[in-house]
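Next come the chains, spelled out residue by residue.
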Amino acid sequence: MRGTVIKYGDNVDTDVIIPARYLNISDMKELAKHCMEDLDKDFVNRVEPGDIMVAGKNFGSGSSREHAPGVIKASGISCVIAETFARIFFRNAINIGLPIMECPEAARDIEDGDEVSIDVYSGLITNITKNRTYQGTPFPGFMQDIMRAGGLINYVKEKGE
Amino acid sequence: MGMTMTQKILAAHAGLDRVEAGQLIMANLDLVLGNDITSPVAIREFNKIGVDGVFDKSKVALVPDHFTPNKDIKSAEQVKFIREFAMEKDIENYFEIGEMGIEHALIPEKGLVVSGDVVIGADSHTCTYGALGAFSTGVGSTDMAAGMASGKAWFKVPEAIKIILTGSLPEWVSGKDVILHIIGMIGVDGALYQSMEYTGPGVASLSMDDRFTIANMAIEAGAKNGIFEVDEKTIAYMKEHSTREYTVYKADEDAEYTRVIEIDLSNLRPTVAFPHLPDNTRTIDEVGDVPIHQVVIGSCTNGRIEDLRIAAKVLKGRKVKKGIRTIIFPATQKIYLQAMREGLLEIFVEAGAAVSTPTCGPCLGGHMGVLAAGERAVATTNRNFVGRMGHPDSEVYLASPAVAAASAITGKISSPEEVVGS
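A short tour of the structure in this document, coming up. (Residues numbered from 1 in each chain as written. Chains lettered and ligands numbered in written order. Predicted model: local features only at pLDDT ≥ 70, side-chain atom pairs only at ≥ 80, totals over all residues. Heavy atoms only, no water.)

**Overview of the packing of aromatic side chains**
Then comes step 1: The final tally for this structure, using the stated rule, is 13 aromatic pairs over all chains.
Then comes step 2: Ring centres of Phe90 of chain A and Tyr193 of chain B lie 6.3 Å apart, and the angle between their planes is 70 degrees; this geometry places the pair in the edge-to-face category. With Phe90 of chain A in helix H5 (residues 87-96) and Tyr193 of chain B in the loop between helix H6 (175-186) and strand E9 (195-199), this residue pair bridges two chains.
Then comes step 3: Overall, Tyr193 of chain B belongs to the partly exposed group, its relative accessible area being 28%.
Then comes step 4: Judged by centre distance (5.4 Å) and plane angle (85 degrees), the rings of Phe46 of chain B and Phe85 of chain B are edge-to-face. Here Phe85 of chain B lies in helix H3 (residues 73-88) and Phe46 of chain B lies in helix H2 (residues 39-49), a separation of 39 residues in the sequence. (Phe/Tyr/Trp six-rings, centres within 6.5 Å; stacked < 30°, edge-to-face > 60°. Helix = DSSP H or I, 4+ residues; strand = E, 2+ residues; numbered from the N terminus. Buried < 20%, exposed > 50% of the residue type's maximum accessible area, 1.4 Å probe, protein only.)

So this is what it looks like as structure tokens:
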């Protein structure tokens, strides 16, 4: 996957990714109109399908709302790279099939607007703008299987059959 | 090498003699929980799996508590969807308005969790039940769906931080101050992916309500779970609330920890987390002059009977400062009734506070106390993120019920010592 980077800082919490005041609905496309609203009002106007989100430490902290990775995915973001992820967000992203990658070096070095490509299976991240590469942590096999199946539900179905 | 409490519980539920940190396991679940925000998403995912019913009708709990009593048509539709699912699938633990409460106060009270259990809940504060010596952790809706269908969930076995408590809490200092102190010390990602395991002679001095508060906010340090060693108080609590068999796990002497923290409870002061992160803490002595507009006492963190008793002790015979909105939420119907019988509700109303039926409403800026731009609240809740309780330009200060009640009287963040005297 390849896309333009939209970059944020540390501790981006799920309340700013999708404020709870909108969670009386659960349609991700509808909710995506408010994605990142309390942190970056302009996000919904500038995001393009395939864009890559890059952030600092503890991305997705706070609430367990799956709506958070859900709206990021529904906004067209193809992958999130961060120094670290909060654990529930990490799980949720894998379970719904939103590619994510932990890579502190990439998270620090990549800037807003850079053109980046990612191989989520090998963990290799290439900054095309800066002509640099970074090695992210690839998923263990079990999580790759969930990602390949397109998320946990498909994985459970495949296992059951 | 030995195992931590968490590792032993996970090993037992995965049918393994031992597990190691980092190992991926599939564990059997004793309870799968959801609320009115996360369950609609989970039910739609559940329906895609194509199984007829849930894995065990007695081991799924659905608690509509966030936007209930329903604040608008959309929330009413979400709860209707959950209610119909609960009826159709014969879910035994669906709790309707009138018998419900905030899920993390309600579930232990109903005896649905005991020590040694593995619990997942599609709510990040599911870690609360670690107070009972259970492994319980927050997950998303898809995990909840898979858990309801299969009775299993995958886990990466966590490393642990050992927190040794000594001494006992001084007057006006509570479990909330303990956990805010710890989060202030280690940071909002200080326990990322790890267990926070509480042990030491100081544990015995903590009430169950204090332990629930401390375990509840493990997530605010990024932890997978917080867990207390089981003692006589835990066993007494379980016997009072549950008929289920419980198993007690103790960490091995040679269990490995990434970090050991020792805290003398006797040295702690009332502590406040300033906007916009729970680790931005100051003791009450360092707070300075912070005028406020609203006080919220309640939530899954601090809406239990002891929290209400301490608030009543501060508010009794006093008046909320004119212009300060004070809203008090007993966390369950049982706590509400108990507070009524003890005369606490009368104290609150006479002081000029509003008393509400149980709901998560204000904590997440849902309803029942949403903040306008520029407003400040002192809240006994768990998060002070940007926009958490309303407008993105409002501010939330996290504190104990004692500090919140004292602040209601003075109109600025205040110490109960100052208001009541020590």
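**Looking at the sheet that holds strand E5 (residues 118-122) of chain B**
Residue and element names in this part refer to chain B.
Then comes step 1: As summarised here, the arrangement of the five strands in space is E4-E3-E2-E5-E6, forming an open sheet in which the pairing is parallel. Strands with a single pairing partner mark the edges of an open sheet, and in this sheet they are strand E4 (93-94) and strand E6 (135-138).
Then comes step 2: Where strand E2 (residues 31-35) lies against E5, four bridges are found, and the strand directions are parallel. Bridge assignment links Val32 to a residue of E5, and that residue is Ile120. (Pairing = 2+ DSSP bridges.)

**Quick notes on helix H1 (residues 5-13) of chain B**
Residues and elements named next belong to chain B.
Then comes step 1: Burial analysis of H1 places eight of its nine residues in the buried class, which makes it a mostly covered element.
Then comes step 2: Within H1, burial applies to Met5, Thr6, Gln7, Lys8, Ile9, Leu10, Ala11 and His13.
Then comes step 3: The elements touched by buried residues of H1 are strand E1 (24-28), E5, E6, strand E7 (152-156), E9 and strand E10 (225-228).
Then comes step 4: At the exit of H1 stands Gly15, carrying a positive phi of roughly 70 degrees. (Contact = heavy atoms within 4.5 Å.)

**A word on the sheet that holds E10 of chain B**
As a general point, the strands of a sheet are linked pairwise by backbone hydrogen bonds and lie either parallel or antiparallel.
Residue and element names in this part refer to chain B.
Then comes step 1: Strand order in this open sheet of four strands is E10-E9-E8-E11, and the pairing throughout is parallel. Of all the strands in the sheet, just E10 and strand E11 (259-264) have a single pairing partner and so form its edges. Each adjacent strand pair in this sheet contributes to an overall mean axis angle of 20 degrees, direction not counted.
Then comes step 2: Judged from the four bridges that link them, E9 and E10 form a sheet pairing that is parallel. Within E10, the residue paired with Ser195 across the bridge is Asn225.
Then comes step 3: Set on the sheet, H1 makes contact with E9 and E10; between it and E10 the angle comes to about 100 degrees. (Axes fitted to C-alpha atoms, helices over the stretch in contact; angles between N-to-C directions.)

**Some thoughts on the interface of chain B and chain A**
Then comes step 1: In this assembly, 49 residues from chain B lie in contact with 40 residues from chain A.
Then comes step 2: Summing both sides of the interface, chain B and chain A together bury roughly 3,600 Å²; the carbon and sulfur share of this comes to 59%.
Then comes step 3: The tally of links between chain B and chain A comes to two salt bridges.
Then comes step 4: Residues Asp143 of chain B and Arg91 of chain A are paired through a salt bridge, measuring 2.6 Å at the closest nitrogen-oxygen approach.
Then comes step 5: On the surface where chain B and chain A come into contact, there are 21 residue pairs in polar contact (both at pLDDT 80 or more). (Buried area = accessible area lost by both parts, 1.4 Å probe. Salt bridge = Lys/Arg side-chain N within 4 Å of Asp/Glu carboxyl O. Polar contact = N/O pair within 3.5 Å; in protein donor to acceptor, adjacent residues only side chain to side chain.)

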